[in-house]
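# Architecture at a glance
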Amino acid sequence: MNTAEWVVGGIVAFLAYVVSCRIYPYAACRNCKGTGKFRSPSGKAYRNCRRCGGRGRRRRLFAGSE
Ligand SMILES: [Zn+2]
């Protein structure tokens, strides 16, 4: 592959990612792995994850406004 083909491939992959973000705008929160809970050291108690506010999800890059 030459350089131009790599660039075109990169653009196509980027556009595919943007489209996928539009169709599936949410991903699991990285902080709580999608549970929305932040466990205490005992594992029995928990509070809402601060990063996602307990929703367990985050909006993906390019997902647009809510
Ligand atoms: Zn979270």
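It should be noted that the structure appears before, not after, this text.
Below, the structure is looked at part by part.

Moving on: the overall build of the chain. Within the chain, the regular secondary structure consists of one helix and four strands. Counting from the amino terminus, helix and strand elements in the chain follow one another as α-β-β-β-β. Radius of gyration (C-alpha) of the chain: 18 Å, far over the 11 Å computed for a compact globule of 66 residues. In terms of overall dimensions, the chain has C-alpha extents of about 55 × 25 × 15 Å along its principal axes. Considering the chain as a whole, with its 66 residues, one finds that 6% of them fall into the buried category. Restricting to contacts in the chain with at least 6 residues of sequence separation, those with at least 24 account for 43%.

For the rest of this paragraph, the subject is the environment of Thr 3. As for its position among the elements, Thr 3 is in helix α1 (residues 3-23). Placed 54 residues apart in sequence, Thr 3 and Arg 57 show a C-alpha to C-alpha distance of 37 Å.

The end-to-end C-alpha separation of α1 is 30 Å, in line with the 30 Å expected for 21 residues at 1.5 Å each. In terms of burial, α1 is largely open, as just zero of its 21 residues are buried.

So, about the environment of Leu 61. As for its position among the elements, Leu 61 is in the segment after β4 (57-59). Judged by C-beta crowding, with 9 C-beta atoms within 10 Å, Leu 61 ranks as exposed. For Leu 61 and Cys 21, which are 40 residues apart along the polypeptide, the C-alpha to C-alpha distance reads 6.9 Å.

Positionally, Asn 2 belongs in the segment before α1. Residue Asn 2 is classed as exposed on the basis of its C-beta count, with 6 C-beta atoms lying within 10 Å. Spatially, the C-alpha atoms of Asn 2 and Gly 36 are 45 Å apart, while their sequence positions differ by 34 residues.

Rules used throughout
- Residues numbered from 1 in each chain as written.
- Predicted model: local features only at pLDDT ≥ 70, side-chain atom pairs only at ≥ 80, totals over all residues.
- Helix = DSSP H or I, 4+ residues; strand = E, 2+ residues; numbered from the N terminus.
- Rg over C-alpha atoms; globule rule 2.2 N^0.38 Å.
- Buried ≥ 20, exposed ≤ 12 C-beta atoms within 10 Å, placed from the backbone.
- Contact = placed C-beta atoms within 7 Å.
- Expected span 1.5 Å × (residues − 1).

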